[in-house]
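# Understanding the architecture of this molecule
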Amino acid sequence: MDYTSSPGLAPPTAFGGSGEAGAAAIADPDGVVVVADDGRILYANGAAESLFLRGPGGLAGCLFGHPVVGGDSTEIEVFRPDRRKMTVEMRCTPIEWEGRAAHLVTLRSGQERRRVRESLHKSSELLHALVAYSPMAIVAADGAGRVTLWNRAAAAILGWRDLDVLGNPLPATSDDPLESPAGMWRLALAGEAVIGRELMSQHRNDGTEVALQCWAAQMDGSRGLPGSVVLMLADVTQRHRVEAHIRRLVGHDGLTGLPNRRQFRKQVERTIGKLQGRDRPHLLVLQLGLDRFKIVNKSIGHGAGDHLLLAVARRLAGVLYETDLIARTGGDEFSILLRDTHHLRDGVRVANRLLQHMTEPFELDGQEVFVTASIGIAVYPNDGARAEDLIHAADNAMDRAKQQGGNACQFNTLDLDSDARHQLMVESGLRHAIERDELFLEYQPQYELGSGRLVGVEALLRWRHPVMGVVPPARFIPIAESCGLIAPIGSWVLQTACRQLRAWDDAGLPPLRMAVNVSARQFFADDFKAEVKQVLRSSGIPPERLELELTESLLVRGAAGAIEVLRSLHGLGVRLSIDDFGTGYSGLSYLVDLPMDTLKIDQSFVRRLEQSHSYGAIVTAIGELAHGLDLRVIAEGVETEAQLDFLRRTYCDEVQGYLLSRPLAPDGVARLLA
Ligand code: C2E
Ligand code: MG
Ligand code: MG
C-alpha cells in the first residue's frame, strides 16, 4: 500500500528532513495513529507525523491507505513524500474512539526496531560483561537453593567451577550452615536484607580458609523468578589479615579485644620492673587453656566457636579483679597476671574460682555448651625472672594439668610451701572426689541419757584420697566451701545419709534419727529447701527423722535471711539443730526467734568440764536456757565417765562421743541396733 497515493498526504511542513524525524522518533519511538473504520486517520502522534515527514496535525483526516486488522504485528512497506521506501512494523488493536469503533495502530520503523534490538543486545552484553568480569563473586540461586548463576569470581574465590555447582545446592562452605552463603540465601528468601555481612572461616573447595563479605537480595518476583536470590560475595581474607596484623601491632586480640601475648609480656615485664628492690616480691602468671577445645569447636562450628571464646573471655574477666590482667595469648588460651599476691594460696584461690565459673554452661544460639579449663601457675621469681620464662613455665604447668585429665590447676614450681601444696591437692582432688567414689560417710551414735537407748546417728563425711589417705572433714570442708564445691558434696551427703537410713529401716532395724551437717553456702543456696524436699520424697524418710545441723556462726552471720530459710525448712517438718553451740559468741536472746529443735553443746565445753568449775557452770546454764526454750539438749565429744556423770546431773537429754562410740561404718551401726 502506498501512503503517497492517498489524498491529503502533503509534503512536510514543520519537519524538514529524516534526520529530525529520527530524533523525534527517539524521543517517542512508536508512531501511533487512530484509524476509523472508513480508513480515515482520526488522530496521529508526533512520531507518526515525523515518520511520514508531516507537520503537527498533518495526518489527521488523511486516508490511512492500508487495511487495519487486529492480531500479530505485520510488516508493511510505505513510500514517503521524499520517495523513499521504508519498512514499518504495524500492530493494530480495535478500540473505541469518541464513541465510534476504530483501530489503534502502532508503527515502528525498521530503523527503530534495529535500534531497540541493538540497544537490548548492548545492554545484555554489558550485563554479561559486568557479571563475567566482576571481581565480586556473583551467584544466583532459585527458590529451592539451586545455583542458577556462578560467575568467574565465584569460581576463583570459592574454588568450585560453574560446572560443579550449576543446578546443585549452594556448596557448603562452613561448619555453621547459618553463617554461610546458603544461610544468607535463606535470610534473603525470608525477606531480610543482607548487607555486607561478614562470613568468617569459610572453606574453599580445596579446604583452605577464606573470609567473605556478603550482600544478598531476593529478585523481583514479577519477572517470573519467584524466590530467586542474588548473592554477591567479596573475598575479604586479605583485609582481615591486615587488620589482624595491625591489631597485633597495637597489642590487641581481634576477637576478644583483650591484650595479646606481646602486650601481656610487656605488662608482665613492666610489673617485674616495679617489683625490683622489694623484699618479698610476688607475682603470679596463670595460663588457662580450654580442655579439648578443638573437638568442641568442630562440633559446634567455627562461628559458634568464636562466640564461645568471646563468652569465655567475658566470664573470666568478670571473675578477676581490676588490678589483674587477662590477655588472650593463643587460640584457646588466656594468660592472667596477678599482681600484689602475697601468698601462693591466693593464686590457687583465683585459679579455682576461674575453674568453678567455667563449669556453668555457656549458651550459644539457645544451645548449652559445656567446657572445662586447665590452669598452670608460675611464680615470680621462683619460675623465672623474665616475663617470657614465667609464661613458658605457666604453659608447662598447664600442659601437666591437661595431661592429668583437665579441669584442674597445677603449679610449675615443685618446692611450694606445704600450705599451698595442700590447698592445691585438696582443691584439685575434691573436684573429682564424688565421681571417683572417694567420699564416704561414717555414722556416730547418739544416745538418750536417761534410758541409754540409741536414738540417732550423726552422718560424718570422710574422704579417702589416693595419696593423702583418709582426710578429716575439718581439712577439706572449709576448702570446699571456699571454692564452691560444697554444693555438690553437700547434696551427695544428704542423699547418701537418707538412703542409708532407709536401708536400715528396710532391714527391719529400729527407727533412728539421722543428723546431717549443713554448711553455710549450702544452707543459703536458693534451691536448698527444694533439695531437702526432694531427698525426703525419694528416700521416703519421714521428715521428723531428718535433723539438719547448722553451726551457730552460720545462724549469727546470716541473721535475718537465716530465719526465713529456717522457717521454711521447719515448715517441711524436718528438725533443726544448732551445732557447736557456745562457740559462736551469739547473744542468747536471738535463740528465742529461731524455730530450732535441738541445741548441741560444743565439745570444747565438755572437754573442759573436769578442768574448771566455771565450764560446769556454763554447761549447766546452757542446759537450763535450752529447756526454758523447749529445746532438746545434746552434748557432743563425751570422752570420759566423769563427763558423762556430770552431764547426767544437768539438763542434758542426749550424749554423743568416743566414750560411747566412735563414728562407725553402716554395718557397725546395724550391729549396735541389732
Ligand atoms: P561436728 O558436726 O561438730 O562433728 C563432731 C565432730 O566431733 C566429728 O569430727 C566427730 O568425729 C568428733 N567427735 C565425736 N565424738 C568425739 C569425742 O569424744 N572426742 C573428740 N575429740 N571428737 C569427737 P569430724 O568427723 O572430724 O567432723 C568435724 C566437723 O566437720 C564436724 O563437726 C562438722 O562441722 C564437719 N562435718 C563433718 N561432716 C560434714 C558434712 O557432711 N557436711 C558438713 N557441712 N560438715 C561436716
Ligand atoms: Mg555436727
Ligand atoms: Mg559440733
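Residues numbered from 1 in each chain as written. Chains lettered and ligands numbered in written order. Predicted model: local features only at pLDDT ≥ 70, side-chain atom pairs only at ≥ 80, totals over all residues. Heavy atoms only, no water.

## Comments concerning the side chain of E427
The condition that has to hold: We count a stretch as a helix when DSSP gives it H or I for four or more residues in a row; a strand needs E for two or more, and each element gets its number in order from the N terminus. Exposure classes here rest on a 1.4 Å probe applied to the protein chains alone. A residue is buried below 20% of its type maximum, exposed above 50%, and partly exposed in between. By the counting scheme adopted, Arg and Lys are positive, Glu and Asp are negative, and His together with the chain ends is not counted. Note on definitions: salt bridges are taken to be side-chain nitrogens of Lys or Arg within 4 Å of carboxyl oxygens of Asp or Glu. Two residues form a contact once any of their heavy atoms are found within 4.5 Å.
Of note, E427 is situated in helix α13 (residues 418-433). One buried charged side chain, E427, makes no salt bridge at all; its nearest oppositely charged neighbour is R431, positioned 4.3 Å away. Not counting chain neighbours up to four residues away, the residues in contact with E427 comprise V348, N352, I479, S482, C483 and L485.

## Examining the pattern of salt bridges
Tallied over the entire structure, the rule returns 26 salt bridges. Note that E654 is salt-bridged to R513, the shortest N-O span being 2.7 Å. Separated by 141 residues along the polypeptide, E654 in strand β26 (residues 654-656) and R513 in strand β21 (residues 513-518) bring together distant segments of the chain. With respect to class, E654 is no different from R513; both count as buried. Residue E547 is joined to R575 by a salt bridge in which the shortest nitrogen-to-oxygen separation is 3.7 Å. Taken together, the residues E547 in strand β22 (residues 546-551) and R575 in strand β23 (residues 575-581) connect sequence positions 28 residues apart. Assessed through its relative accessible area of 2%, E547 is described here as buried. R575 sits in the partly exposed class, given a relative accessible area of 25%. In this structure, a network of salt bridges that share partners links the residues R513, E547, R575, R632 and E654.

## Describing the packing of aromatic side chains
Our working rule: Under the pairing criterion, centres of Phe, Tyr and Trp rings, with the six-membered ring standing for Trp, must be within 6.5 Å; the plane angle then separates stacked pairs below 30 degrees from edge-to-face pairs above 60, leaving the rest tilted. As a reminder, the over-ring test applies to NZ of lysine and CZ of arginine, requiring each to be within 6 Å of the ring centre and within 35 degrees of the ring normal.
Under the defined criterion, the tally for this structure stands at six aromatic pairs. Both rings, one in F523 and one in F528, keep their centres 6.4 Å apart while their planes meet at 55°; by these two values the pair is tilted. Across the pair, exposure class does not vary: F523 and F528 are buried alike. Pairwise contacts between aromatic rings join F523, F524 and F528 into one cluster. Directly above the ring of F362 sits R315, whose terminal nitrogen or CZ lies 3.7 Å from the centroid. Of note, R662 hangs over the ring of Y658, and the distance from its end group to the ring centre comes to 3.8 Å.

## Thoughts on the site of ligand 1
Just so we agree on the cut-off: We define proximity as follows: a residue is near a molecule or strand when any one of its heavy atoms falls within 4 Å of that partner. Polar contact is defined as a pair of N or O atoms within 3.5 Å, subject to the rule that within protein one atom must be able to donate a hydrogen and the other to accept it, and that residues adjacent in sequence are counted only when both atoms are side-chain atoms. Areas reported as accessible are Shrake-Rupley estimates using a 1.4 Å probe. Residue values count occlusion only from the protein chains shown. Computed over the protein atoms alone on a 1 Å grid, cavities are sets of points where a 1.4 Å probe fits but cannot get out and pockets are open sets with protein on both sides within 12 Å along at least five of seven lines; a residue lines them when it has an atom within 4 Å of a point. Here the criterion for a molecule occupying a pocket or cavity is that more than half of its atoms lie within 2 Å of the pocket grid points.
Residues in contact with ligand 1 amount to 22 residues; listed here are only the nearest, R462, D579, Q603, E639 and Y658. Interatomic distance of 2.7 Å between a side-chain N/O atom of Q603 and an oxygen atom of ligand 1. Residue E636 places a side-chain N or O atom 3.2 Å away from an oxygen atom belonging to ligand 1. Against a free-state accessible area of 800 Å², the protein chains account for coverage of 84% of ligand 1. Given that more than half its atoms are within 2 Å of the pocket grid, ligand 1 belongs to the second largest pocket.

## Considering the coordination of the magnesium ion (ligand 2)
Rule in force here: Coordination partners: N, O, S within 2.8 Å of the metal, 3.2 Å for Na, K and Ca; water not considered, so apparent gaps in a site are possible.
For the magnesium ion (ligand 2), the protein coordination sphere consists of E458 (OE), N517 (OD1), E549 (OE) and D579 (OD), at 2.0 to 2.2 Å. Of note, the donors binding the magnesium ion (ligand 2) are all from one chain and are spaced E-x58-N-x31-E-x29-D. In this structure, the magnesium ion (ligand 2) is positioned 4.2 Å from the magnesium ion (ligand 3), and both are ligated by D579. Within this pair, whereas E549 is found in strand β22, its partner D579 is found in strand β23, the two being separated by 30 residues in sequence. Taking relative accessible area as the criterion, D579 reaches 6% and is therefore assigned buried.

## Some points on the side chain of Q267
Along the chain, Q267 turns up in helix α8 (residues 261-275). Each residue touching Q267, except ones within four places of it in the same chain, is listed here: L325, L337 and R339.

## A few points about the coordination of the magnesium ion (ligand 3)
Taken together, the protein ligands of the magnesium ion (ligand 3) are D579 (OD), D580 (OD) and E636 (OE), with distances of 1.9 to 2.3 Å. When the donor residues of the magnesium ion (ligand 3) are listed from N- to C-terminus, their spacing reads D-D-x55-E.

## Quick word on the environment of E98
Assignment of secondary structure puts E98 in the loop between β4 (85-97) and β5 (100-109). Put simply, E98 and L42 are 56 residues apart on the chain and 9.8 Å apart in space, counted from C-alpha to C-alpha.

## Things to note about the domain arrangement of the protein
Under the convention used in this document: Marked domain ranges trace back to an automatic or database domain assignment.
Along its sequence, the protein is organised into domain 1 (12-111), domain 2 (134-240), domain 3 (255-422) and domain 4 (434-669). One C-alpha centre belongs to domain 1, the other to domain 4, and the line joining them spans 112 Å.

## Comments concerning the sheet that holds strand β12 (residues 325-330)
Strand-to-strand pairing in sheets goes through backbone hydrogen bonds, with the strands running parallel or antiparallel. Our working definition: In this description, strands pair whenever DSSP reports at least two bridges between them. Here an axis means a line fitted to C-alpha atoms, over the contact stretch when the element is a helix, while the angle between two N-to-C directions is reported on a 0 to 180 degree scale.
Taken in spatial order, the five strands line up as β12-β13-β11-β16-β17 in an open sheet, and their pairing is mixed. Looking at which strands have only one partner, the edges of the open sheet turn out to be β12 and β17 (408-411). In this sheet, neighbouring strand axes are inclined to one another by 20° on average, regardless of whether the strands run parallel or antiparallel. Judged from the five bridges that link them, β12 and strand β13 (residues 333-338) form a sheet pairing that is antiparallel. Residue pairing in the sheet places A327 in a bridge with S335 of β13. On the sheet, helix α10 (residues 302-319) packs against β11 (283-290), β12 and β13 and is oriented at approximately 15° with respect to β13.

## Section: the pairing of strand β18 (residues 439-448)
Burial of β18 is extensive: seven of the 10 residues sit out of reach of the surface. Across nine bridges, the pairing between β18 and strand β19 (residues 454-465) is antiparallel. The residue bridging Y443 from the neighbouring strand is A459, located in β19. As paired elements, β18 and β26 share two bridges and run antiparallel to each other. When the sheet's bridge partners are listed, Y447 is paired in β26 with V655.

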